[in-house]
Amino acid sequence: DPKLLAARDSRGHLSADEDESLASLPPRVREVLSTHRAAVAKRPSGDALGVRVAADVGERLSELAVPLMVRDQLLGVLYLQDSAVGLGRSERVLVQGLSRQIALLLLSARTTSLEQQTQDAQRLLDEQQGLLQQVGRLARGDLESPIVVPSGSQLTTVAGLLDGMRRDLAAK
């Protein structure tokens with residue numbers, strides 16, 4: 001069954017440090033995290049009976065771990081294991097090509113996420129600037145103009161409190 005394996009260091013980067021989270025990773029994955037190069041383990045094919053018995057007891061006869069790299073940055077590791085005879089050269093080449101495509105997709109998703117975060121941060125800065133302008137008017141004595149922010153803003157509570165203060169001052 002396919003499994004998703006992840007290991008990150010304290011800064012959120014993929015790492016091969018020998019801590020608890022990485023100790024449980026397959027050796028080939030740890031090797032890729034250390035070297036940033038593909039790692040393969042393949043047992044001799046042996047006779048058909050030996051292969052079938054080994055497969056029945058769950059012994060790994062072939063493993064392939066491929067780095068997901070973009071611009072010399074390790075984004076993850078694609079790890080496959082086969083309990084049959086093993087992965088051949090053509091399968092390894094295919095998986096390596098697939099790993100490049102996955103890495104590009106991960107980078108694209110990360111870029112899209114960062115763009116969204118940047119837009120959100122800019123929107124918040126714009127709202128803060130607008131609120132500061134309204135507070136400046138209040139400080140100069142404008143008790144008539146309400147203090148408002150866009151609907152759903154993170155600053156709604158602050159704007160409401162400031163507008164309540166404005167109304168209290170205007171009532172005096």
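Everything below is about the structure printed above this text.
Residues numbered from 1 in each chain as written. Predicted model: local features only at pLDDT ≥ 70, side-chain atom pairs only at ≥ 80, totals over all residues. Heavy atoms only, no water.

Assigned secondary structure in the protein chain consists of five helices and three strands. Reading the protein chain from its N terminus to its C terminus gives the helix and strand order α-α-β-α-β-β-α-α. Counting all 172 residues of the protein chain, 28% fall into the buried class. Within the protein chain, contacts between residues at least 6 apart in sequence are counted, and of these 46% link residues at least 24 apart. Per element, the accessible surface of the protein chain, about 11,900 Å² overall, is 53% carbon and sulfur. (Helix = DSSP H or I, 4+ residues; strand = E, 2+ residues; numbered from the N terminus. Buried < 20%, exposed > 50% of the residue type's maximum accessible area, 1.4 Å probe, protein only. Contact = heavy atoms within 4.5 Å. Areas by Shrake-Rupley, 256 points an atom, 1.4 Å probe, with all protein chains shown as cover.)

A few words now on the packing of helix H4 (residues 89–139) against helix H5 (residues 156–171). One can describe the packing of H4 onto H5 by two numbers: an axis separation of 11 Å at closest approach and a directional angle of 10 degrees. Judged by the angle between their axes, H4 and H5 are roughly parallel. Along this stretch, H4 crosses H5, giving a crossing that reads as left-handed. Residues Leu131, Val135 and Leu138 of H4 touch H5, and the partners they reach there are Val158, Ala159, Leu162, Met165 and Arg166. When grouped by side-chain class, the residues that make up the contact of H4 with H5 number seven nonpolar, no polar and one charged. (Axes fitted to C-alpha atoms, helices over the stretch in contact; angles between N-to-C directions. Parallel < 35°, antiparallel > 145°, perpendicular 65-115°, else oblique. Left-handed = near helix turned anticlockwise from the far one by under 90°. Nonpolar A, V, L, I, M, F, W, Y, C, P; charged D, E, K, R; others polar.)

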